[in-house]
Amino acid sequence: MKIEDHAGYEEAIRRIQVAQRSSAEHLDLSSINLGALPGLLGQLTTLQSLELRDNQLRALPESMGQLTNLRRLNLSHNRLIDLPESMGQLTNLQNLDLNYNRLIDLPGSVGQLINLQRLDLSYNHLSALPESIGQLADLQTLDLSSNLLSALPESIGQLANLQTLDLSSNLVSVLPESLGQLKNLRTLILIGNQLTALSESLGQLTNLQKLYLSYNQLTALSEPIGQLTNLRTLDLSFNQVSTLPESLGHLTALTELFLHGNPNLGIPEEVLGSRLEEEVRKAGRAPREILEYYFAQRLGSKPLNEGKLILVGRGGVGKTSLVKMLTTSKFKKGEKTTEGIKISEWTCPLSRTQTVTMHVWDFGGQEMMHATHQFFLTARTLYLLVLDRRLGGYDAEADYWFRLIRAFGGPDAPVIVVLNKQKEEPFDVNRGGWLEKYAGNIAAFVTTDCADSKSITVLKRTIQERLGALKSIQEKFPSRWFAIKEELSRMTTDYVSFSDYRQICTKHGEADPERQSSLSGFLHDLGIALNYKDDPRLRFSYVLKPEWVTEGIYALIHAFINSKGVFTPGEAEVLLREKKYTADEVQFLLGLMERFELSFPFGDSKTQILIPQLLEDQQPSITSEFNLSECLNFGYRYTIVPEGLLPRFIVRTRHLHEQATRWKSGVVLRHSSGCRALVRADTAERQVRIHIDGPTASRRDLLAIIRHNFDAIHADYEFNPEDLLYPPGEPAKPLPLDDLRALRREGEATVPVVLADKKVIRADINSLIKSVEYSKPKLRLFLSYSHQDEKHANELRKDLILMERNGLIHTWFDRELSAGDKWESNILNELKSADIIVCQLSRDFLASDFCVLTELDIAIQRKIDGQAELIAYILKDCGWQDIPRLKQFQVLPRDAMPLANWRNKDKYWRAVAEGIQKVVEKLHARRV
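The paragraphs below set out a description of the structure included in this document.

## What to know about the pattern of salt bridges
Here is step 1 of the chain: Inspection of every chain in the model, using the stated rule, returns 30 salt bridges.
Here is step 2 of the chain: Taking the shortest distance from any N to any O, the salt bridge between arginine 14 and glutamate 11 comes out at 2.7 Å. Placement of the pair is arginine 14 and glutamate 11 together in helix H1 (residues 7-21), with a separation of 3 residues, close to one helical turn.
Here is step 3 of the chain: Classification of arginine 14 as partly exposed rests on a relative accessible area of 44%.
Here is step 4 of the chain: Judged by its relative accessible area of 23%, glutamate 11 falls in the partly exposed class.
Here is step 5 of the chain: Across the pair glutamate 306 and lysine 485 runs a salt bridge, and its minimum N-O distance is 2.5 Å. Of the two residues, glutamate 306 sits in strand S13 (residues 306-312) while lysine 485 sits in helix H10 (residues 479-490), which places them 179 residues apart along the sequence.

Structure (structure tokens):
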């Protein structure tokens, strides 16, 4: 067939003729299997954009050079081997795509494309570049990835405006010195080359923000890399680097550091965190922490040789007996069941010359205790899941524990499945199925019986094998950290403040706060000294002895079972006095439980305390007042409903319910709008169901508060349950919210719903989604406060939840900063972009130069300039009236009464929130 007869060629001529008649500026000839270009194309002198991608083009005609007005030319995914010299006549060209061709060289005339800003030559067969490429003075992006380049011309340094250079997947072994002249370069990608060293001139790229060097042959880095002061991402994964220069510590802007695949550095995976290519990032450490660990161990280090072993399983499966056999080789039939957590030490031999000290945690199996386990399941831990035949239901049991372990110990936490009491009642499980389902977690299956010493020997050997593979066991510990660890383990007090902990570190030569924080994380994971530095409720508060925490908390839980979790502080003091807890320590422990969201004070004078985990199982009669078919119904579907989910929700929403409206697995909430909510967990169905009645217009407001509190709990558990919606009148027919959103994106207006009587209706998708969500644009609210008053700022945030969930505001405060962020510049950026600035006034606020001279000063000026609204509320008595410019603006609450002057503290926060809400509504009204 002649080319003129080809359907794609004929279609191209038709489109060209249409474009010629209309003097078109854009022509799309892509994906029509063209084969060759008609000469007629050169007559389209008005053309500015030409799409020729995905054809079978093997050559371009010289007439291409006549398209002198062309701004964009896309020739990607063709079969071009070379380009005509006439391409140089396209002097107005700004964007040229030539990726996925077969180009073996470029004509020298390419240097005449003086207006070119983006050039994509990726996935070709280029082995060299012409010197003329340096004439492309306006070029901003150059993609040369996946070619055969072994070197770059020196003229590359003339690309003064270049911002992105991608040379990944080539054969480059040496970088030209001229590369350092690219002063505007922001991103440099050199992945998958043959670099053995970096050019000294690289340090001149002072505006570089991202540098990717993975999969090369680098053995070391030169000191000039420390001059890249704007660098944010550095990827050195999978090289042969054995030492890092001290100058890396100068990279204060660095937020991402990837050093995986360099075993000679001696940095464990737990410290390195996620790899760059991982779609789902595990919690990792900030670059500074990684570097601090590396440089600390260089000063002198030795293997840690300590680890943590946790036994989990239901009560009565024999965990305590197994611990006794492991640690003492003694077995006593009818061993008393562990209440809470018992911690033992086990000196475990790994080889003839090496032993490790294992901190063995025996977790009590009672269900009422599971809510607290989350605070002690950690990384760097080997888990033993103990099962026996008596309880049965192995699949459900395993699923429960594996999900808890993954949530709190990490997705790769190793687990040995122990099938215990085999002499009494032999049994097995579906090992193959479990290995498929829990891939990455199951380390081994072991059958045991404490009356059979041989089976215990097999268990010990299996544990030893797994410990040998556990990287944290071999982890190098800086020498001075051992001295700190030893002092903490010997301390006579049961807890020390974090400031005292810092003093202990400084005494032993560790003065750097970041390294002190890093060490506290290791000690917590190992169960030597607890510190919840990553928990916003307990961040940098105390370092605690594990036994002191667990014994006290579990003693309280056990003691008040019969009272359904209700007790007084005085009763707690009497109980714990027998266990040598002082009155002050009891108060501290009660405060710890409240921050753990295990309990809360209630009643008008807050003289009683409730542990919701111990509430009645029976739901109260008030639940029958809800007509579910007339409610707004919402829900969550989980892979597992953890024991502590509803009790924690009850703690968080305590200001919305009363004693007679709560039980162990549910609660009835009342809102000031007149709405009520019935919130219940159904563990069998793995769901939480929410039913709201009352004024229709206000139901969504109460749902907003409920969802916000569940979101906070889900974040702690690292669970991502499925949001469920229910069509009006059908509380038993859940529809996944994400599915409804997907249907709406695809243009669907309704969704079929099968009713109880098997009739099918079409529910309106948009109405369903709108019933639970707002779509108004959010106002940015900046919360300015002193860190001394952080707990009060968190109280206000609880009352801003409704506006946040309803999409009216996005609240920002500095705890949203991530490790490695430039805190001052980020705060100023947020402050200058806020629509509303709220200042929490107190003596500590006024004593802070940054709060008053920076944040408040900017807030006042932005209010004067009409750029933002300024709201101040009086938290504590202070001299706020002495700031003349502040007195002219709105001050909350009424009569400027501080918190201490309010009998009902909840009403104080509500009054402040309502004042803020009025401003929010006013601004939204203006936008409309």
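And the narrative resumes.
## Things to note about the packing of aromatic side chains
The geometry of two aromatic rings is summed up by the distance between their centres and the angle between their planes.
Here is step 1 of the chain: Inspection of every chain in the model, using the stated rule, returns 20 aromatic pairs.
Here is step 2 of the chain: A ring pair is formed by phenylalanine 600 and phenylalanine 602, whose centres lie 6.3 Å apart and whose planes are at 65°; its orientation type is edge-to-face.
Here is step 3 of the chain: Given the relative accessible area of 2%, phenylalanine 600 is considered buried.
Here is step 4 of the chain: Here the aromatic residues Phe634, Tyr636, Tyr638, Phe649 and Phe710 are joined through ring pairs into a cluster of three or more.
Here is step 5 of the chain: The residue whose ring lies beneath lysine 308 is tryptophan 361, and the NZ or CZ to ring-centre distance is 4.2 Å.
Here is step 6 of the chain: For the cation-ring pair, arginine 314 lies above tyrosine 400, with the distance from its terminal atom to the ring centre recorded as 4.7 Å.

## Observations concerning the sheet that holds strand S31 (residues 735-736)
Here is step 1 of the chain: Strand order in the open sheet made by the 7 strands is S26-S27-S28-S29-S25-S30-S31, with antiparallel pairing throughout. At either end of the open sheet lies a strand with only one pairing partner, and these are strand S26 (662-663) and S31.
Here is step 2 of the chain: As judged from the 4 bridges shared by strand S25 (residues 632-637) and strand S30 (residues 722-725), these two strands associate in the antiparallel manner. Paired with phenylalanine 634 across the bridge in S30 is leucine 725.
Here is step 3 of the chain: Of the strands in this sheet, S26, strand S27 (666-670), strand S28 (676-682) and strand S29 (687-693) touch helix H16 (residues 645-652), which is tilted by about 25° from S27.

## A word on the pairing of S27
Here is step 1 of the chain: Within S27, 4 of the 5 residues are buried, leaving the element largely enclosed by the surrounding structure.
Here is step 2 of the chain: Bridge analysis of S26 against S27 gives 2 bridges, and the strand direction is antiparallel. Within the sheet, the bridge partner assigned to tryptophan 663 lies in S27 and is glycine 666.
Here is step 3 of the chain: Counting the residues between successive antiparallel strands, the hairpin from S26 to S27 contains 2 residues.

## Describing the sheet that holds strand S8 (residues 187-189)
Here is step 1 of the chain: Strand order in the open sheet formed by 11 strands is S1-S2-S3-S4-S5-S6-S7-S8-S9-S10-S11, with parallel pairing between adjacent strands. What marks the edges here is a single partner per strand, and that holds for strand S1 (26-28) and strand S11 (256-258). Averaged over neighbouring strand pairs, the angle between their axes works out to 5° when direction is ignored.
Here is step 2 of the chain: Across 3 bridges, strand S4 (residues 95-97) lies against strand S5 (residues 118-120) in parallel orientation. Residue pairing for S5: aspartate 97 is matched across the bridge by aspartate 120.

## Section: the pairing of strand S17 (residues 415-419)
Here is step 1 of the chain: Within S17, 5 of the 5 residues are buried, which leaves it mostly tucked inside the rest of the structure.
Here is step 2 of the chain: Side chains Val415, Val417 and Leu419 project from S17 onto one buried face, and the interleaved Ile416 and Val418 project onto a second face that is buried too.
Here is step 3 of the chain: With 5 bridges connecting them, S17 and strand S18 (residues 442-447) associate as parallel partners. Note that in S18 the partner of leucine 419 across the bridge is threonine 447.
Here is step 4 of the chain: The handedness of the S17 to S18 crossover, carried by helix H7 (residues 431-437), is right-handed.

## Let's talk about the packing of helix H14 (residues 569-577) against helix H15 (residues 583-595)
Here is step 1 of the chain: Packing of H14 against H15 brings their axes to within 9 Å, and their N-to-C directions diverge by 120°. As judged from the angle between their axes, H14 and H15 are oblique. In this structure, H14 crosses over H15, and the sense of that crossing is right-handed. Counted together, Pro569, Ala572, Glu573 and Leu576 of H14 and Ala583, Val586, Gln587, Leu589 and Leu590 of H15 form the full contact between these two elements.
Here is step 2 of the chain: Of the residues assigned to the contact of H14 with H15, the class counts are 7 nonpolar, 1 polar and 1 charged.

## Section: the environment of aspartate 757
Here is step 1 of the chain: Within the element layout of this structure, aspartate 757 appears in the loop between strand S32 (750-754) and strand S33 (760-764).
Here is step 2 of the chain: Relative accessible area serves as the criterion here: at 46%, aspartate 757 is assigned to the partly exposed category.
Here is step 3 of the chain: Between the C-alpha atom of aspartate 757 and that of phenylalanine 498, which follows or precedes it by 259 residues, the distance is 63 Å.

## Focus: a negative patch on the surface
Here is step 1 of the chain: Taken together, the side chains of Glu131, Glu154, Glu177 and Glu200 make up a negatively charged region of the molecular surface.
Here is step 2 of the chain: Topologically, glutamate 200 is positioned in the loop between S8 and strand S9 (210-212).
Here is step 3 of the chain: Using a relative accessible area of 48% as the deciding quantity, one classes glutamate 200 as partly exposed.

## Details of the environment of glutamine 117
Here is step 1 of the chain: Summarising the element assignment, glutamine 117 is placed in the loop between S4 and S5.
Here is step 2 of the chain: A residue is classified by how much of its surface remains accessible, and glutamine 117, at 32% relative accessible area, is partly exposed.
Here is step 3 of the chain: Separated by 611 residues in sequence, glutamine 117 and proline 728 place their C-alpha atoms 55 Å apart.
Here is step 4 of the chain: Beyond its immediate stretch of four places on either side in the chain, glutamine 117 contacts Gln94, Asp138, Leu139, Gln140 and Thr141.

What counts, and where the lines are drawn
- Residues numbered from 1 in each chain as written.
- Predicted model: local features only at pLDDT ≥ 70, side-chain atom pairs only at ≥ 80, totals over all residues.
- Heavy atoms only, no water.
- Salt bridge = Lys/Arg side-chain N within 4 Å of Asp/Glu carboxyl O.
- Helix = DSSP H or I, 4+ residues; strand = E, 2+ residues; numbered from the N terminus.
- Buried < 20%, exposed > 50% of the residue type's maximum accessible area, 1.4 Å probe, protein only.
- Phe/Tyr/Trp six-rings, centres within 6.5 Å; stacked < 30°, edge-to-face > 60°.
- Lys NZ or Arg CZ within 6 Å of the ring centre and 35° of its normal.
- Pairing = 2+ DSSP bridges.
- Contact = heavy atoms within 4.5 Å.
- Axes fitted to C-alpha atoms, helices over the stretch in contact; angles between N-to-C directions.
- Right-handed = clockwise from strand over helix to strand, strands pointing away.
- Parallel < 35°, antiparallel > 145°, perpendicular 65-115°, else oblique.
- Left-handed = near helix turned anticlockwise from the far one by under 90°.
- Nonpolar A, V, L, I, M, F, W, Y, C, P; charged D, E, K, R; others polar.
- Patch = residues over 30% accessible without salt bridge, like charges linked within 9 Å, V, L, I, M, F, W, Y side chains within 5 Å.
- Areas by Shrake-Rupley, 256 points an atom, 1.4 Å probe, with all protein chains shown as cover.
- Lys, Arg positive; Asp, Glu negative; His and termini not counted.
- Charge placed at Lys NZ, Arg CZ, Asp CG, Glu CD.

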